[in-house]
Amino acid sequence: MHKRIDWRQVAVLAGKECRERVRNWWVLAVAVIFALFALAIAYFGSAQQGAVGFHGIDITIASLVSLVIYLVPLIAVILGYDAIVGEQERGSLELLLSMPITRFEILLGKFLGLSAALAVATTVGFGAGLLPLSAQLGPDDLYHYAGFVGTAVLMGMAFLSLALCLSVIAQDRMRASGMAIAMWFFFVLIFDLLLMGLLVLSNGSLGSGVFAGLLMLNPADVFRLLNIFNSEQVQTMYGLATVMPDGLTNPLVLLGIMLAWIVAPFLLANWRFK
């Protein structure tokens, strides 16, 4: 019989992880970067069309999506790659394991604490970035922007879960960092190139269902789709509405897939950590 989770222990460890990031100004630095990018893109996101200034929340989100796909996963893997292997190298993991706390509680506490730090940095940063434009935003704009920030946090948690899994598997911090950067590089840069190459090689014979299914294998693409199909204007800008099956344009379905990307690597990490 499995021991019941001691949520007090989990909360203590999660709080410790989150406070450490706040104390070394990591959260503040990331929040400032996000705020500056959000404000700059809100004003200059349409500069390539010869227009400067705020032109609506949909255009702002469409411009921010591409940036967030690069930044948030990178920050998540930097946060999580040494969560376990780093403790092991410092000798503090043995001390933790000697206490009345299970390996699952250690893993869960670290994940929740790092997720909280990432969520605070993302929410505060992107929220502060649009404060100067708050007078121009209506309730629907705020709703769409909140959805964008929320899905960015979920994507970050998915990559954090993947990084935590690598941290459990790796033998040392150096290998963990290399594996984490390679993972980020694959999902953010290489995956879509491979998918486009597959489409070209298939001479267009790759069905929309297969194409959509392949997109689900990348949490960054799931994040992109969540924000594309939240706005008709953004759908037009990306042009994916015509190739995606109706079942995979439902935000609830896409949210479920994103949650699977969060849970599955964590469960694998827990199995390996045992």
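Figured I'd write up the structure that's included with this text. As the structure is a computational prediction, the values presented were derived from the model and not from experiment. (Residues numbered from 1 in each chain as written. Predicted model: local features only at pLDDT ≥ 70, side-chain atom pairs only at ≥ 80, totals over all residues. Heavy atoms only, no water.)

### Looking at the overall build of the chain
Here's step 1: Helices and strands together make up the secondary structure of the chain, namely 12 helices and 0 strands.
Here's step 2: Ordered by position in the sequence, the α and β elements of the chain form the string α-α-α-α-α-α-α-α-α-α-α-α.
Here's step 3: Across the 274 residues of the chain, 48% fall into the buried class.
Here's step 4: Sequence separation of 24 or more characterises 80% of the internal contacts of the chain that already satisfy a separation of 6 or more.
Here's step 5: For the chain, the accessible surface area stands at approximately 13600 Å², while carbon and sulfur atoms represent 67% of it. (Helix = DSSP H or I, 4+ residues; strand = E, 2+ residues; numbered from the N terminus. Buried < 20%, exposed > 50% of the residue type's maximum accessible area, 1.4 Å probe, protein only. Contact = heavy atoms within 4.5 Å. Areas by Shrake-Rupley, 256 points an atom, 1.4 Å probe, with all protein chains shown as cover.)

### Describing the nonpolar core
Here's step 1: Counting residues in each nonpolar core, the largest one holds 87 residues, and the members touching the most others are Phe 126, Tyr 145, Phe 148, Met 155, Phe 159 and Phe 223.
Here's step 2: Considering each element in turn, this core owes the most residues, 17 residues, to helix α7 (residues 139-169).
Here's step 3: Setting aside residues no more than four positions away along its own chain, Met 155 makes contact with Val 68, Ile 69, Val 72, Pro 73, Pro 219, Ala 220, Phe 223 and Met 258. (Core = buried A, V, L, I, M, F, W, Y, C linked by side-chain atoms within 4.5 Å.)

### Side note on helix α8 (residues 173-201)
Here's step 1: Here α8 is 29 residues long and its end C-alpha atoms lie 39 Å apart, about the 42 Å a rise of 1.5 Å per residue gives.
Here's step 2: The largest bend in α8 amounts to roughly 50 degrees and is located at Ile 190.
Here's step 3: Positive backbone phi, at 55 degrees, marks Asn 203, one or two positions downstream of α8. (Expected span 1.5 Å × (residues − 1). Bend = angle between axes of the 7 residues up to and from the residue.)

### Description of helix α12 (residues 251-273)
Here's step 1: Look at α12: 33 Å from first C-alpha to last across 23 residues, which is about the 33 Å you get at 1.5 Å a residue.
Here's step 2: All of the buried residues along α12 are Leu 254, Ile 257, Met 258, Trp 261, Ile 262, Pro 265, Phe 266, Ala 269, Asn 270 and Phe 273.
Here's step 3: Of the surrounding elements, those touching the buried residues of α12 are α5 (92-97), α6 (103-129), α7, α8 and α10 (219-228).
Here's step 4: Where α12 starts, the residue carrying a side-chain oxygen 2.9 Å from the main-chain nitrogen of Leu 252 turns out to be Asn 250. (Polar contact = N/O pair within 3.5 Å; in protein donor to acceptor, adjacent residues only side chain to side chain.)

### Regarding the packing of aromatic side chains
Here's step 1: Overall, the coordinates contain 11 aromatic pairs when judged by the stated rule.
Here's step 2: Considering the side-chain rings of Phe 186 and Phe 187, the 5.2 Å spacing of their centres and the 70 degrees angle between planes classify their relative orientation as edge-to-face.
Here's step 3: The exposure class assigned to Phe 186 is partly exposed, which follows from its relative accessible area of 32%.
Here's step 4: Since its relative accessible area comes to 11%, Phe 187 is described here as buried.
Here's step 5: Seen from their ring centres, Phe 187 and Trp 261 are 5.8 Å apart, and the 85 degrees between their planes marks the pair as edge-to-face. Residue Phe 187 is located in helix α8, and its partner Trp 261 is located in helix α12; the two are separated by 74 residues in the primary sequence.
Here's step 6: Counting every residue linked through ring pairs, the aromatic cluster contains Phe 34, Phe 126, Tyr 145, Phe 148 and Phe 223. (Phe/Tyr/Trp six-rings, centres within 6.5 Å; stacked < 30°, edge-to-face > 60°.)

### A short note on the pattern of salt bridges
Here's step 1: This model, assessed by the stated rule, comprises 10 salt bridges.
Here's step 2: Among the ionic pairs, Lys 110 bridges to Glu 87, the shortest N-O distance being 2.7 Å. Note that Lys 110 is positioned in helix α6 and Glu 87 in helix α4 (residues 85-90), a separation of 23 residues in sequence.
Here's step 3: Residue classification places Lys 110 among the buried positions, given a relative accessible area of 1%.
Here's step 4: One network of salt bridges, in which partners are shared, links Lys 16, Glu 17, Glu 20, Arg 21, Glu 87, Arg 90 and Lys 110. (Salt bridge = Lys/Arg side-chain N within 4 Å of Asp/Glu carboxyl O.)

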